[in-house]
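Residues per chain are reported as follows:
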There are 2 protein chains.
Amino acid sequence: MANVLTPQGEDFPRWYQDVVAKAELAENGPAKGSQVIRPTGFALWERMVDEMDDRIKETGTENASFPLLIPESYFQREAAHVEGFAPELWMVTHGGGKELEEKLAIRPTSETIIGEYMAKWVNSYRDLPLLLNQWCNVMRYELRTRLFLRSSEFLWQEGHTVHESYEDAHAFTLRILHDVYADFMENVLALPVLRGIKTEAERFAGALNTFGAEVLMRDGKVLQMGTSHELGQNFAKAFDIRFQGSDGKQQLGWTTSWGTSTRMVGGLIMGHGDDAGLRVPPRLAPVQVLVMVVKDSDEVQSAAKKVYDELKGDGLRVKLDHRGDVAFGRRAVDAELKGYPVRIEIGPRDLKNGEATVVSRIEGTKQTIPLGMLAEAVAAALEAAQMKLWDEALEFRETHTTDAATVDEAIEAAQHGYARLPWDACGVEGEKRAAGSAVTVRVL
Amino acid sequence: MANVLTPQGEDFPRWYQDVVAKAELAENGPAKGSQVIRPTGFALWERMVDEMDDRIKETGTENASFPLLIPESYFQREAAHVEGFAPELWMVTHGGGKELEEKLAIRPTSETIIGEYMAKWVNSYRDLPLLLNQWCNVMRYELRTRLFLRSSEFLWQEGHTVHESYEDAHAFTLRILHDVYADFMENVLALPVLRGIKTEAERFAGALNTFGAEVLMRDGKVLQMGTSHELGQNFAKAFDIRFQGSDGKQQLGWTTSWGTSTRMVGGLIMGHGDDAGLRVPPRLAPVQVLVMVVKDSDEVQSAAKKVYDELKGDGLRVKLDHRGDVAFGRRAVDAELKGYPVRIEIGPRDLKNGEATVVSRIEGTKQTIPLGMLAEAVAAALEAAQMKLWDEALEFRETHTTDAATVDEAIEAAQHGYARLPWDACGVEGEKRAAGSAVTVRVL
Ligand SMILES: [Zn+2]
Ligand SMILES: [Zn+2]
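Computed from a predicted structure; not experimentally measured.

Turning next to helix 1 (residues 12-22) of chain A. Burial in helix 1 of chain A covers these residues: A:Phe12, A:Trp15, A:Tyr16, A:Asp18, A:Val19 and A:Val20. Downstream of helix 1 of chain A by a residue or two, A:Glu24 has a phi angle that is positive, lying close to 60 degrees.

See below:
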């Protein structure tokens, strides 16, 4: 097959751009840094939402919906927060043909507006913990943008909770990091997660502590795929989130916030993709099995439909490509690009022998299988593919993590993976020097 | 029980406000006409999304995501559209601390921006039909607002499609109206739908024809719960959506758009609610069964947990109220308010006899049932409740539809339900006169 993509080894960012365009995942929107997520890309996000939402609800968190527009004055109430976000705001100044009395910001995140309502809803320790989440769009003004990875508008979930004590809030922040974020990324996305606490420089504006879920991409760079913040009592003070404790005394709440976004789609692409395109782990894949008609004929079409119906009946996510009139080679390249884990090719020759060809995108294998054993073969191929992606990613991380003794060694090692450096040997000074070489301290 | 709500018969709009507040469904947001949807209200919407999304996908439509902000110039391209929407726009003028070169509108609906991209993606008749949908937020400036029913920001789905011919587009518009909207509203929401074509005055800005799904509320007023628009070639012309036909000639596409929103939550409340609160049809209900501990004791708690686990295991949507330390009466009133279709009350006395009490919110019955037969009794109660809501709504519609011969008779009849009037006897003049009496021609 001719290269449809720039090879990863030649120019990784270019490869990324190519995949996003050719697999029809997303394109730029008209407003600066906005993006259009096309059906193939959106289906990946939809599956992420499904899986994450189950895990979020398992923690007792409930979904809600807060307004898009936040009065400018809300931001002023928490000093570190306004400093961090003011430069990135998109401002609404007019509505219904008239100038607004107070300017409204499109939410860059919703600690402020949600804090305002939490203060109303929390009265007694019996109301705690209050565990809320919303799936929504947010906007931050960005100069340099890349589809999925850094865009002015993105889709995300933002969790916001209030707790009775520091300990409860702390434990919940870690529960989200481990049981929701890392669990999803490792068990569904098949991407090993480095978890830890961020340095002061990388901390969320207004937080006491930020925990990050970091994942290594195939170019040796690290992507932050999720963050969970302990906000201490900073927002509780700013928004007056007070409650009567079990001892009858008024107390300030302890809040947390945590988020993951469509950036995870970018992480999936760069964490597993190869020179032929995406490789989507079966547990996530919106299409786990593509049933393809090799050539047009009544027998082939009806056999393909039967296989499709059977696998769908088994609860698999299946798609049927019945376009016998479009060149098979072109369709196969497209299937590789889109990274469907398994495809079943049904052609007249195989069919005569009562067989079909099962291709594993991830294992790179091609097997001829009797029609009666397809379901079994597909199930095995999907399981093997999930494991292979995980094993590869784990091995990649191991071979791309270096123990460093000094900041200079760490900067050198970070050019192609993780560098493990004791914080004693780094410190704030070392962090600044590393930043000069575009290296960041990911987690402590 | 004391009245916690203004009775419907006394002041219906007030009753509505009371239910929304006391059942903790939603409240006003800080920006004009914005709303906060609380977990209990949002769970209703989430279930609507689930059910609708399945039906939308059944039609072959795929989900995608388009930007929130639309350049002002896009609106200018379709004359009727800009005229209809310009007065309602919320405008973003600044981003990243600087004034923008072109003002951006927060989407009031996305025909324009989606049309721009459809034009890129549609090249040949083989690309058609192109069937897209997005679940998102939109904003329209509103002076008088009511939670869920009319708000500046609301959540919705908007479908946008391109077809090869007038016939295809027309058929698809009706398929959405019948197989998605009316099917969902009747079979899940248990609300009979009046379907038909809107008059010119009520038509979507830029459409050839608008079909409405209209539902009668319990105050005798009609709520538009969904619309499906044939856009003809108006937007295809404005955005240059052209394709090479099977005959090799360049042609303009035929587009449709269709939407339903969080207004449906308002319709559900007003379509079924009574003086005690919401009544949620079991097929929709986020909580179908509430298992309640009457009094605190180890036996009661463990029996309740067992019932909860069993029903959940059967695939029902169940919630456990184990707050033995909160007065039972208060919790029962809250359960009525929130409209859970069935609740199971487990107390020490019943338990001694190996029984529990099954209360049907909708049938208004209370039965003592042996623990071993609870699953069966609950299933029967849910089925009966769904049917009862449907039958009641249907009967209400029948007794509130009057045949009228003249516009005056119709205006009179419309004060308490539908008036059926031949269009010959009404006409544009009659429609204007009716409008003077706050009566609108719903569908033809
Ligand atoms: Zn841990
Ligand atoms: Zn019909």
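So that's the structure; there's more coming.
Take the interface of chain B and chain A next. Between chain B and chain A, the contact holds 52 residues from the first and 52 residues from the second. Interface area for chain B against chain A, summed over the two sides, is near 4,000 Å², with a carbon-plus-sulfur share of 59%. Here A:Glu27 makes a salt bridge to B:Lys120, at a shortest N to O gap of 3.1 Å. Scanning the region where chain B abuts chain A turns up 24 residue pairs in polar contact (both at pLDDT 80 or more). Sort the elements by how many residues they give to the side of chain B that touches chain A and strand 5 (residues 90-95) of chain B lands first, with six residues. When strand 5 (residues 90-95) of chain A meets strand 5 of chain B, the two strands line up antiparallel, connected through five bridges.

All right, on to the relation of the copies chain B and chain A then. The two chain copies are connected by a rotation around an axis plus a translation along it. With an RMSD of 0.0 Å, chain B superimposes on chain A once it is rotated by 180 degrees and translated 0.0 Å along the axis. Both copies of the chain, as the preceding transformation shows, are related through a two-fold rotation axis. For chain B, the smallest separation between a C-alpha atom and the rotation axis is recorded for B:Val92, amounting to 2.1 Å. Interface overlap between copies: 100% of the residues of chain B at the interface are likewise at the interface in chain A, consistent with a symmetric, same-surface contact.

This brings us to a negative patch on the surface. Residues and elements named next belong to chain B. A cluster of like negative charges, contributed by Glu-164, Glu-167, Asp-168 and Asp-247, occupies part of the molecular surface. Note on placement: Glu-167 falls in helix 6 (residues 166-187). Exposure remark for Glu-167: the relative accessible area of 53% places this residue in the exposed category.

This next bit is on the confidence of the model for chain A. When pLDDT is averaged across chain A, the result is 93; 98% of the residues are at 70 or more. As a predicted assembly, this complex carries a pTM of 0.95 together with an ipTM value of 0.94.

What follows concerns the pattern of salt bridges. Residues and elements named next belong to chain A. Taken as a whole, this structure holds 52 salt bridges over all chains when the rule is applied. Among the salt bridges present, the one from Arg-47 reaches Glu-51, with a minimum N-O distance of 2.8 Å. Here Glu-51 and Arg-47 lie together in helix 2 (residues 39-58), a separation of four residues that amounts to about one turn. Considered together, Arg-47 and Glu-51 belong to a single accessibility category, that of buried residues. Glu-214 is the salt-bridge partner of Lys-198, the closest N and O atoms lying 2.5 Å from each other.

Attention now moves to the nonpolar core. Core analysis: the largest hydrophobic core is formed by 52 residues, its most contacted members being A:Met185 and A:Ile269. Mapped by element, the contributors of at least two residues to this core are helix 1, helix 2, helix 6 (166-187), strand 10 (209-216), strand 11 (222-232), helix 8 (263-272) and helix 10 (328-338) of chain A. Sort the elements by how many residues they give to this core and helix 6 of chain A lands first, with eight residues. Among residues more than four places away in sequence, those in contact with A:Ile269 are A:Trp15, A:Tyr16, A:Val19, A:Val20, A:Leu25, A:Phe148 and A:Leu278. Core analysis: the next-biggest nonpolar cluster, separate from the first, contains 51 residues, B:Leu5, B:Trp15, B:Leu25 and B:Trp258 among them.

Time to look at the sheet that holds strand 11 (residues 222-232) of chain B. Residue and element names in this part refer to chain B. Ordered by their spatial adjacency, seven strands build an open sheet running 3-7-8-14-11-10-9, and the pairing between neighbours is mixed. Because the sheet does not close on itself, it has two edges, and the strands there are strand 3 (62-63) and strand 9 (194-197). Bridge count between strand 10 (residues 209-216) and strand 11: eight bridges; the pairing is antiparallel. Each residue of the ladder has a partner; that of Ala-213, found in strand 11, is Gly-226.

This next bit is on the pairing of strand 16 (residues 318-321) of chain B. Residues and elements named next belong to chain B. The pairing of strand 15 (residues 289-293) with strand 16 spans four bridges and is parallel. Looking at strand 16, one finds that Val-289 is bridged to Val-318. Note on the crossover from strand 15 through helix 9 (residues 298-313) to strand 16: the handedness is right-handed.

Moving on, we get to the sheet that holds strand 17 (residues 342-346) of chain B. What holds strands together in a sheet is hydrogen bonding between their backbones, with the strands either parallel or antiparallel. All names here are of chain B. Ordered by their spatial adjacency, five strands build an open sheet running 16-15-17-18-19, and the pairing between neighbours is mixed. Each edge of the open sheet is held by one strand with a lone partner, namely strand 16 and strand 19 (365-370). Going from strand to strand, the sheet's axes swing by 20 degrees on average, the running direction of each strand aside. Packed onto the sheet, helix 9 meets strand 15, strand 16 and strand 17 and runs at close to 170 degrees relative to strand 15. Its contacts with the sheet place helix 10 (residues 328-338) against strand 15, strand 16 and strand 17, and it is angled at close to 175 degrees to strand 15.

Moving on: the pairing of strand 6 (residues 98-106) of chain B. Residues and elements named next belong to chain B. Two elements, strand 4 (residues 69-71) and strand 6, share three bridges in a ladder whose sense is antiparallel. Within the sheet, the bridge partner assigned to Leu-69 lies in strand 6 and is Ile-106. Looking at chain direction, strand 5 and strand 6 are connected through four bridges and run antiparallel. By the bridge assignment, Met-91 is partnered in strand 6 with Ala-105. The hairpin formed by strand 5 and strand 6 contains two residues between the paired strands, and Gly-96 there has a positive phi angle of roughly 60 degrees.

The next point concerns a nonpolar patch on the surface. A surface patch of nonpolar side chains, about 280 Å² in accessible area, is lined by A:Trp423, A:Val428 and A:Leu444. Relative to the assigned elements, A:Trp423 resides in helix 14 (residues 423-436).

A few words on the packing of aromatic side chains. Scanning all chains against the criterion turns up 24 aromatic pairs over all chains. Above the ring of B:Tyr74, the side-chain terminus of B:Arg77 is found at 4.8 Å from the ring centroid.

Reading guide: rules and limits
- Residues numbered from 1 in each chain as written.
- Chains lettered and ligands numbered in written order.
- Predicted model: local features only at pLDDT ≥ 70, side-chain atom pairs only at ≥ 80, totals over all residues.
- Heavy atoms only, no water.
- Buried < 20%, exposed > 50% of the residue type's maximum accessible area, 1.4 Å probe, protein only.
- Helix = DSSP H or I, 4+ residues; strand = E, 2+ residues; numbered from the N terminus.
- Contact = heavy atoms within 4.5 Å.
- Buried area = accessible area lost by both parts, 1.4 Å probe.
- Salt bridge = Lys/Arg side-chain N within 4 Å of Asp/Glu carboxyl O.
- Polar contact = N/O pair within 3.5 Å; in protein donor to acceptor, adjacent residues only side chain to side chain.
- Pairing = 2+ DSSP bridges.
- Least-squares fit on C-alpha atoms with pLDDT ≥ 70 in both.
- Patch = residues over 30% accessible without salt bridge, like charges linked within 9 Å, V, L, I, M, F, W, Y side chains within 5 Å.
- Areas by Shrake-Rupley, 256 points an atom, 1.4 Å probe, with all protein chains shown as cover.
- Lys, Arg positive; Asp, Glu negative; His and termini not counted.
- Charge placed at Lys NZ, Arg CZ, Asp CG, Glu CD.
- pLDDT = per-residue confidence, 0-100.
- Core = buried A, V, L, I, M, F, W, Y, C linked by side-chain atoms within 4.5 Å.
- Right-handed = clockwise from strand over helix to strand, strands pointing away.
- Axes fitted to C-alpha atoms, helices over the stretch in contact; angles between N-to-C directions.
- Phe/Tyr/Trp six-rings, centres within 6.5 Å; stacked < 30°, edge-to-face > 60°.
- Lys NZ or Arg CZ within 6 Å of the ring centre and 35° of its normal.

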